[in-house]
Every structure is written in structure tokens, then in C-alpha cells.
Amino acid sequence: MTRVAIVYDATAPECAETGAGEAAAVTSVLEVIADVARVAEGDGMSVRRVALPGDPRAMLHAVAAIDEDVIVNFAECWRGVTRFEVGVAWALELRGIPYTGADPRALALCLEKPLTRAVLADAGVPVPRGFVAHTIEDTDAVPEEGTWIVKPAAQDASHGIVRESVARGRDALRARVGALEGRGLGPALIEEYIDGRELNASMLDLGGVLRVLPIAEIDYSNFPTGAPRILTYAAKWEPSSEDYRGSPAVLAELSPHLRARVEAVALDVWRALGLRDYGRVDLRLDARGPFVIDVNPNPDISRGAGQCLAAERAGLSYESLVRGIIAEAHARS
């Protein structure tokens, strides 16, 4: 019987970094833990939930005490701080028990978005032009005109992304940088706003076969009139909001040539960043071609999430997806 340990941040519901107003993205991990545990137990595996405490010594002791055959890593942060996610992965790496998802290097590369951009650009992957602003003064050289998107340089799950994140003109840009700085979510990554279609390319590497799952597109046709077409925090995590209801992910209609091009870019991202098991690449598409706007090394695999919908469109049930991810990690032992 395979023994499975599911690790996660015990302090995540406190949302030390993002604040109670954006708690849903952090606390949702408890729901996916329950889903994955049900699948594993239904397959005859034993499952133990390991809540990693906020005290450093206690956390390391909890990891050292894990004696299961495989670890499912759902530690998307530690002590409620996103950048500490990498520390948990290193602890698991040193423990020596195989675990699901990306390794510490890939997590670190993807969390620091400016670093992600640099690595991808060096590999020839198209990314929007952009720069980092540590303070408002760093935007002084920006032209008066232009449209930009301003997002935290080291956050995920759309934390800090609101409609005002699309800044038209330098004054709006400066205001948004200041807002992120005021929330403690700086520095800000400022990128050219690509006004075009938004695609999600989910990938899966099971049994030595890496493939891009059916590509999804965010359907903004019913988005609030006048609102910039972006996935705000509300669009991802607040089902009662206009943004959420107006941005469903649907199967993308792409020509064979364009589909092949998007898939090739997604695979280049996977290899350049060293992703593992499962991941997702978000792209914007205009007349110049696809641009990578975000990379998710361990995306949400709760029922109904984008990764799972893509797997279903490829003929994989939720149970098969979870079973395959656990088996892939276990095989590394």
C-alpha cells in the first residue's frame, strides 16, 4: 500500500502577506487537499495531512518526521508568505522523499517574475517589453502615453491584480505602483499591455510523455463594459463578482498553425524553466503572435480548475489526473 503525505502551510488561512481581503486564493488549498485525499484513499492509499507550523524548527521537525512513500506538495506559501514556498520545497528536497510538482529551482524562477522574463527571453521565448519599479520614482522615464499592466513582481494567484492594474498613461501607472507599495506587495512588474486574446496552455508530464493539453481561452465577451479584459483577483476567486462571471475559460478555437505555434512556445517555457509533472503557461495573442504573460509551476488542481478542465478535455478524469501526478512523483524514488 502506497503511503502518501500531503503537506501544506498551517498558517496559510491567516494570509500574513496578502491580507484577509484576498484569503480565498490561500485557503482554497484546503479544498484541493480534501479532493486529492479522497482520490488517493479511494485507490487504497493511506493519506496523512501534514500541516507545516510557522515556527522554523517545528516546520523542519515536521518534514523530518515524514516517513511516507511520496509527498504531495501543496505548500503554496509558508507562514503566509509566498516567497517562503521555495524554502518548503528545499526542505522536502533535503528530506529525500519524492514529492509532486516543481523543484526549488523552478519555483524560485517562476515566483520572481522579472527573473522568469529574463530566463525566457534568453531562451528566445516572446515576452512583453517591461521593467521593474521598486518605487514610484522608477517610473519617471516612462512616456506620458501608453498602456501598461502593473502587477506584483513576486506574487501569484492574481494577488494585487484589480481593474486599475491596467494603467493608461504615466499618472495612472504611478498611482498603481504606489498602491502596490502601500500594500507591501512591491516591487512592481510593469509590462506592455497586450490587448488581444488570452490563452491558457496547461501541460502534463506523465509516464515520460510531455504534452500540451487542449488550449483554453478566456472568454471576455460578457465582461463588464469598459473594464480592461484581464483576470483580476475577483475574476479568479470571487464567484459572485462581475469579473468572475464574465471571464469563463472555454476551449480555444485556433487554426492548426496557430495551435502548433502556441504549443511550441509553451513547451519552450517548460524546458527553459525546468517545470515538472504539471504546469500552465498564460499567453496573450495579438497580430505579432503569442506573448507569455505568466507561468504557473504548480497550478491549482481542485475540481473545476483550469488544469483539471484541460485534462478532462484530453480524456483524463479528475481521478486519473491525481493518480497520475502521484504515481509520477512516486516513480522518482
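A word on the sheet that holds strand β3 (residues 70-73). The three strands are arranged β2-β1-β3 in an open sheet whose pairing can be described as parallel. Lying at the two open borders of the sheet, with one neighbouring strand each, are β2 (46-52) and β3. The mean angle between the axes of side-by-side strands here comes to 25°, regardless of whether they run parallel or antiparallel. Here strand β1 (residues 3-9) pairs with β2 via seven bridges, running parallel. Within the sheet, the bridge partner assigned to Y8 lies in β2 and is A51.

Among all positions of helix α4 (residues 85-95), only E85, V86, V88, A89, A91 and L92 are buried. Contacts from the buried residues of α4 go to β1, β2, α3 (56-64), β3 and α5 (104-111).

Here the chain averages 90 in pLDDT, while 95% of its residues score no lower than 70. Across the chain, β3 holds the top mean pLDDT of 98, while helix α1 (residues 24-27) sits lowest at 58.

It is worth spelling out helix α6 (residues 113-122) at this point. One turn of an α-helix holds 3.6 residues; hence residues three or four places apart share an orientation. K113, T116, R117 and L120 are the residues of α6 that are buried. For α6, the angular spread of buried residues about the axis comes to 100°, placing them on one side. Buried residues along α6 sit in contact with α5, β4 (130-133), β5 (147-152), β7 (188-192), α10 (256-273) and β13 (289-296). Immediately beyond the C-terminal end of α6, within one or two residues, lies G124, with a positive phi of roughly 85°.

Right, let's get into the pairing of strand β8 (residues 197-206). Burial analysis of β8 places eight of its 10 residues in the buried class, which makes it a mostly covered element. Where β8 lies against strand β12 (residues 278-286), eight bridges are found, and the strand directions are antiparallel. Pairing of L199 across the sheet is with L283, part of β12. Both β8 and strand β9 (residues 209-212) contribute to a ladder of four bridges, which runs antiparallel. Considered in β9, the bridge of L206 is made with V209. Between β8 and β9, which follow one another and run antiparallel, lie two residues, and G207 among them has a positive phi close to 60°.

Another aspect to go through is the packing of aromatic side chains. Note on aromatic pairs: each is described by the distance of the centres and the angle between the planes. Applying the stated criterion to the full structure yields three aromatic pairs. Measuring from ring centre to ring centre gives 6.0 Å for F131 and W148, while their planes differ by 80°; the resulting arrangement is edge-to-face. Highlighted residues: F131 in strand β4 and W148 in strand β5, separated in sequence by 17 residues. On the basis of an interplanar angle of 80° and a centroid distance of 5.1 Å, the ring pair of Y220 and F223 is categorised as edge-to-face. Taken as a pair, Y220 and F223 share a single burial class, namely buried. Positioned over the ring face of W78 is R79, at 5.3 Å from the centre of the ring. Sitting over the ring of Y99, R276 keeps its end group 5.0 Å from the ring centre.

Rules used in this analysis
- Residues numbered from 1 in each chain as written.
- Predicted model: local features only at pLDDT ≥ 70, side-chain atom pairs only at ≥ 80, totals over all residues.
- Heavy atoms only, no water.
- Pairing = 2+ DSSP bridges.
- Helix = DSSP H or I, 4+ residues; strand = E, 2+ residues; numbered from the N terminus.
- Axes fitted to C-alpha atoms, helices over the stretch in contact; angles between N-to-C directions.
- Buried < 20%, exposed > 50% of the residue type's maximum accessible area, 1.4 Å probe, protein only.
- Contact = heavy atoms within 4.5 Å.
- pLDDT = per-residue confidence, 0-100.
- Arc of directions from axis to C-beta.
- Phe/Tyr/Trp six-rings, centres within 6.5 Å; stacked < 30°, edge-to-face > 60°.
- Lys NZ or Arg CZ within 6 Å of the ring centre and 35° of its normal.

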